[in-house]
Amino acid sequence: MRLIFLGPPGAGKGTQSQKLAEYYSWVKISTGDILREAVSRKTPLGLEAKSFMDKGGLVPDNVVTGLIRERLKDSDFRSGYILDGFPRTLPQAQALSRILEEEKTPIDRVMSFEVPEQDLVRRLTGRRSCGNCKRIYHLDFNPSKQPDLCDVCGGALVQREDDREETVRNRLRIYEKETAPLLKYYDDKMVLSRIDGWGAIDVVFDRLHQILNTKVK
Ligand code: ADP
Ligand code: ADP
Ligand code: ZN
């Protein structure tokens, strides 16, 4: 199954895509994770992306589209993957459609996670992630067993630079302007499902399963 997870920063895309990918042994492809990795390694891609990411802006379309094109060439990914955080603009969505048409591997469903803005801010400012395995936690809503240590690998939990409140507000504005138009794009293609992202993580996960079971045979 080939899925796209859409939604504003903090909606739970990373958390749910990780759970679903583990459950079905699909691959989760997160452009945010790929870019952060490149930034921490100081590769040419990372050096180019960093200034955009620090301000909460979007990395240029040609850069992220090139990344995804490379990733999707890997034949392991063709049968099942979840795109988390890509596409984020109309040109990215159009480029993705062209890539997948060439390969004759269309997207099965686009899930749009919907969460009220005040909850998004609270989720983002309390987010922590493992510096080693990238697993996502929250200070209040999904705490690790030991403070500041990852349950799975024991790595140190860190706060992302762009999860400070000023940057968060900027990212939410950019979502509305650049990414929200994709809802109509995918609705017109009859592949969009909206999912209520409010509620406990496991409750949202059950909801996600239910939608996938009814919409995708
Ligand atoms: P979140 O899920 O919290 O919005 P991500 O980890 O998906 O954050 O992305 C972090 C940052 O990486 C974004 O704010 C943006 O700067 C950059 N980024 C990730 N995906 C894309 C994309 N598809 N297009 C442009 N920039 C992106
Ligand atoms: P996104 O990838 O959409 O930016 P994340 O999955 O990283 O979102 O979630 C943002 C923050 O909110 C994380 O700290 C995560 O632990 C927390 N979170 C995710 N889903 C829920 C939920 N259903 N209820 C409360 N907190 C959540
Ligand atoms: Zn870890």
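For the structure given in this document, a descriptive report is provided here.

Thresholds, definitions, all that
Residues numbered from 1 in each chain as written. Chains lettered and ligands numbered in written order. Predicted model: local features only at pLDDT ≥ 70, side-chain atom pairs only at ≥ 80, totals over all residues. Heavy atoms only, no water. Near = heavy atom within 4 Å. Polar contact = N/O pair within 3.5 Å; in protein donor to acceptor, adjacent residues only side chain to side chain. Areas by Shrake-Rupley, 256 points an atom, 1.4 Å probe, with all protein chains shown as cover. Helix = DSSP H or I, 4+ residues; strand = E, 2+ residues; numbered from the N terminus. Nonpolar A, V, L, I, M, F, W, Y, C, P; charged D, E, K, R; others polar. Donors = N, O, S within 2.8 Å, 3.2 Å for Na, K, Ca; no water. Buried < 20%, exposed > 50% of the residue type's maximum accessible area, 1.4 Å probe, protein only.

1. A closer look at the site of ligand 1
Argument step 1. The environment of ligand 1 is formed by 19 residues, the closest being Thr31, Gly57, Arg88, Arg127 and Arg171.
Argument step 2. Separating a nitrogen atom of ligand 1 from a backbone N or O atom of glycine 85 is a distance of 2.9 Å.
Argument step 3. In this structure, arginine 171 approaches ligand 1 through a side-chain N or O atom, which is 2.6 Å from an oxygen atom.
Argument step 4. When the free accessible area of ligand 1 is taken as 550 Å², the share hidden by the protein chains comes to 97%.
Argument step 5. Ranked by the residues each element gives to the shell around ligand 1, the list is headed by helix 2 (residues 31-41), at four residues.
Argument step 6. Of the residues belonging to the shell around ligand 1, the class tally is seven nonpolar, five polar and seven charged.

2. Thoughts on the coordination of the zinc ion (ligand 3)
Argument step 1. Here the zinc ion (ligand 3) is held by the protein donor atoms Cys130 (SG), Cys133 (SG), Cys150 (SG) and Cys153 (SG), which lie 2.3 to 2.4 Å from it.
Argument step 2. Owing to a relative accessible area of 5%, cysteine 150 belongs among the buried residues under this scheme.

3. What to know about the site of ligand 2
Argument step 1. In the vicinity of ligand 2 lie 18 residues, with Lys13, Thr15, Arg127, Tyr137 and Gly199 positioned nearest.
Argument step 2. Between ligand 2 and glycine 14 there is a distance of 2.8 Å, counted from an oxygen atom to a backbone nitrogen or oxygen.
Argument step 3. Note that an oxygen atom of ligand 2 is positioned 2.6 Å from one of the side-chain N or O atoms of threonine 15.
Argument step 4. For ligand 2, whose accessible area on its own is 560 Å², the fraction buried by protein is 94%.
Argument step 5. Those elements that place two or more of their residues in the shell around ligand 2 are helix 1 (13-24), strand 6 (136-138) and helix 9 (201-215).
Argument step 6. Split by residue class, the shell around ligand 2 holds nine nonpolar, six polar and three charged.

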